[in-house]
Each structure stands twice: as structure tokens, then as C-alpha cells.
Amino acid sequence: MSAVAVGPRNRRKGMGLGLVAWLLGIVFFLPIAWMALTSFHSEQDAATNPPSFAASLTLDGYREFFGAGGGASPWPALINSTVASVASTLFVLVLALPAAYALSIRPVKKWTDVLFFFLSTKMLPVVAGLLPLYLFAKNAGMLDNIWLLVILYTSMNLPIAVWMMHSFLAEIPVAIIEAARVDGAKLPTVLTRVVAPIALPGIAATALICFIFSWNELLFARVLTGVVAETAPVFLTGFITSQGLFLAKVSAASLVISLPVLAAGFAAQDKLVQGLSLGAVK
């Protein structure tokens, strides 16, 4: 009798959790939908309060964003963000994989202290290191240089990448690596032919998170760049002027700048889910 009663109760509980998940998804999606709708309105319709959902649609915001009205072109900023994000993510993966391998599969003495040191570097407020980095970049002649951002983003994302990949690589059976070594495989071969394919979901999740962090970074890019190395978030802040905030144009720019992150997340969603779930259940 009790077994019959448990089934409906579990189904109702599952339906309740599913409803809550859908509601949360809608709540998180509404600002993006609102921004997308606003981007297709004219500035007059976008500025109305309350907003007019039945207003006519137009592409003027996107035309102005891409410089049709005589404004600055966003392509240099988008290219700079792409170079800085992709290059720093590749450097992070190249450096984090052997470090995580050494701390998980071939652990060093007091490896937990090493991991805590990696994570403790993220505890320093970003603003606290801004002045020293600015003075260093100025004396080194690297102000307004995209490769300065690549170095900074690599150093900023490396600790969290090592921490994440350590948990991923810890799930790899040591017997597989030992078998590869018996067959004569050296460390580079083990990392690229054995470890990397097995830990690919975790590597994809780490790469996506590092890419998002680099793409969205604003403070360093705002202070350390000017015109040549200006990134997309810095370009976006240029729409907020003393003449006012142009909602339709800003919404169009925000949507375009968000597309690479959304596209990367959509393309790697299966690997992202697998990677983030690795190590969750022992």
C-alpha cells in the first residue's frame, strides 16, 4: 500500500521541481528577451514608460551600431576581444593541463597547499592591482597593446582553470596512463593522446568559462587600452554619453556583443554539462 502511494508523491514532486525550473528559466530569460525587443524599436519607442510592446520594429539601432550613421565601426573592438579571449584561453589550457596533471594524477607533496595558493590569487581585489599593472605597462611601453590583455587574461584565468581541471583529471583511471607508459609513451604523448581525449568535456567546460571571463572583462581593458586595443565591452561603454542613454542602440550593441558567448555556450553545451558534472559524484 505504501509502495503505491510513493509513486504519485514522487511524480508530483518531480512536476513541482520541473515547474520551478521552468519559472526560473523564464525569469532569467526575460531580461534578454526585453533587450532583444528593445533593440528593434526606435529610440522614441524604446524610451517610453511604460514600454510599448506593439511599437513598430526597425533595424536603425543595428545600423547605427555598425557605423551606418557615421559613428565608429565596432569591428576593430570585436576583433580585439576575439583575439584576446581566444589567445588567452588557448594559453590557459596549454599551461593548466600539465599543472593539473601534476596535482591530480601525479600529485606533488602537499598538493592541497598548492591548490589553495592558486585559488588565493583570486582573492585579491582587481582594483588593488590596477595601479601597479598600469605603471608596469607604461614603463614597458605596452599600453594600448592587445598582447598585454592576453597576458593579463591568461594570468587571471589560470588559477581557476587549474582548480577546475584538477577535479576533472582526478577522475581518469591511473591504469590507463600506466598502460600508455608501458607502451613507451612519453609525457607529451600521454597528455595529448591519453589524458586530453578522456578529459575533453572538462577541458571544454574550462575553456568556455575562461573565454567568457576574458570576453566580459572591462576594468583592465578600460584602463590599459585606448584606441588600438579597445575591446568590445569598452566600445559598448562609449554609447553612454552626456547627451543621454540611447536604449535601442545600447540594446542592439549589447545583443551583438553577447552573441559570441551565447554561440560558444550553445555549441559546447553538451560538453559543458558533462564537464561541470565530472567529479560531482564519487
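Parameters at a glance
- Residue positions within a chain follow its written sequence, with the count starting from 1.
- Residue-level local features of this predicted model are given only where pLDDT is at least 70; pairs of side-chain atoms are given and counted only at 80 or more, and the full residue set underlies all totals for whole chains, interfaces and linings.
- Only hydrogens and water are set aside; all other atoms, that is, all heavy atoms of the structure, feed into the side-chain values.
- By definition, any uninterrupted DSSP run of H or I lasting at least four residues is a helix, any uninterrupted run of E lasting at least two residues is a strand, and each is numbered from the N terminus.
- Burial classification: accessible surface area is computed with a 1.4 Å probe over protein chains only, and a residue below 20% of its type maximum counts as buried, one above 50% as exposed, and the rest as partly exposed.
- Note on definitions: a residue-residue contact is assigned when non-hydrogen atoms from the two residues lie within 4.5 Å.
- Surface accessibility follows the Shrake-Rupley procedure with a 1.4 Å probe radius. Residue values consider only the protein chains on display as shielding.
- UniProt positions are given in the numbering used here, feature names are shortened, and annotations may be inferred rather than shown by experiment.
- In summary, the pairing rule links any two rings of Phe, Tyr or Trp, Trp by its six-membered ring, whose centres are within 6.5 Å, and it sorts them by plane angle into stacked for under 30 degrees, edge-to-face for over 60 and tilted for everything else.
- Each axis is a line fitted through C-alpha atoms, taken for helices only over the stretch in contact, and angles between the N-to-C directions span 0 to 180 degrees.
- Here roughly perpendicular refers to angles of 65 to 115 degrees, roughly parallel to angles under 35, roughly antiparallel to angles over 145, and oblique to all remaining angles.
- The handedness criterion is simple: a crossing whose near helix is rotated anticlockwise from the far helix by less than a right angle is left-handed, and one whose near helix is rotated clockwise is right-handed.
- Each residue gets one label: Ala, Val, Leu, Ile, Met, Phe, Trp, Tyr, Cys and Pro are nonpolar, Asp, Glu, Lys and Arg are charged, and the others, such as Gly, are polar.
- Residue count minus one, scaled by 1.5 Å, sets the expected span of a helix.
- Here a polar contact is recorded for every N or O atom pair within 3.5 Å, except that within protein the pair must consist of a potential hydrogen donor and a potential acceptor, and residues adjacent in sequence are included only if both atoms are side-chain atoms.

### Thoughts on the overall build of the protein chain
So, point 1. Regarding its fold elements, the protein chain presents 14 helices and 2 strands.
So, point 2. Scored against the burial criterion, the 282 residues of the protein chain give a buried share of 35%.
So, point 3. Residue pairs at least 24 apart in sequence account for 76% of intrachain contacts in the protein chain once pairs closer than 6 positions are excluded.
So, point 4. As displayed, the protein chain has an accessible area near 16,700 Å², and 71% of this comes from carbon and sulfur atoms.

### Considerations on the UniProt feature "transmembrane region" (unreviewed entry) in the protein chain
So, point 1. Mapped onto the present numbering, the UniProt feature "transmembrane region" (unreviewed entry) falls at residues 17-37, 83-103, 115-134, 146-169, 190-214, 220-239 and 246-268.
So, point 2. As annotated, residues 17-37 has a helix share of 100% and a strand share of 0%, and its two end C-alpha atoms lie 30 Å apart.
So, point 3. Helix makes up 100% of residues 83-103 and strand 0%, with an end-to-end C-alpha separation of 30 Å.

### Details of the packing of aromatic side chains
So, point 1. Using the criterion set out here, one finds 5 aromatic pairs in the structure.
So, point 2. Geometrically, the ring pair formed by F65 and F66 is edge-to-face, given 4.9 Å between the ring centres and 75° between the ring planes.
So, point 3. Where F66 meets W75, the ring centres are 5.6 Å apart and the plane angle is 35°; that geometry is what we call tilted.
So, point 4. Through successive ring pairs, a cluster of aromatic residues spans F65, F66, W75 and F235.

### Observations concerning the packing of helix α4 (residues 75-104) against helix α10 (residues 200-216)
So, point 1. Direction vectors running N to C along α4 and α10 enclose 140°, while the axes themselves pass 9 Å from each other. With respect to α10, the axis of α4 lies oblique. In this structure, α4 crosses over α10, and the sense of that crossing is right-handed. Across the interface between the two elements, L78, S81, T82, S85, V86, S88, T89, V92, L93 and L97 from α4 touch I203, T206, A207, C210, F211, S214 and W215 from α10.
So, point 2. Residues that form the contact of α4 with α10 fall into these classes: 10 nonpolar, 7 polar and no charged.

### A closer look at helix α9 (residues 187-198)
So, point 1. In a regular helix each residue adds 1.5 Å, so 12 residues correspond to 16 Å; α9 covers 15 Å between its end C-alpha atoms and thus fits that length.
So, point 2. Within α9 the residues assigned to the buried category are V190, L191, V194, V195 and A196.
So, point 3. Residues of α9 that are buried make contact with α4, α7 (146-169), α8 (174-182) and α10.

### Here's the deal with the side chain of S88
So, point 1. Looking at where S88 falls in the secondary structure, it is placed in helix α4.
So, point 2. Owing to a relative accessible area of 0%, S88 belongs among the buried residues under this scheme.
So, point 3. A distance of 2.6 Å separates the side chain of S88 from the backbone oxygen of A84, its partner in a polar contact.
So, point 4. Engagement of the side chain of S88 in a polar contact is seen with the side chain of S214, the distance being 3.3 Å.
So, point 5. Apart from the residues lying within four places of it in its own chain, the contact partners of S88 are V83, V150, Y153, T154 and S214.

### Things to note about the environment of Y134
So, point 1. Structurally, Y134 is set in helix α6 (residues 130-139).
So, point 2. A relative accessible area of 30% places Y134 in the partly exposed class.
So, point 3. Separated by 86 residues in sequence, Y134 and F220 place their C-alpha atoms 8.9 Å apart.
So, point 4. If sequence neighbours within four positions are ignored, Y134 has contacts with L143, V223 and L224.

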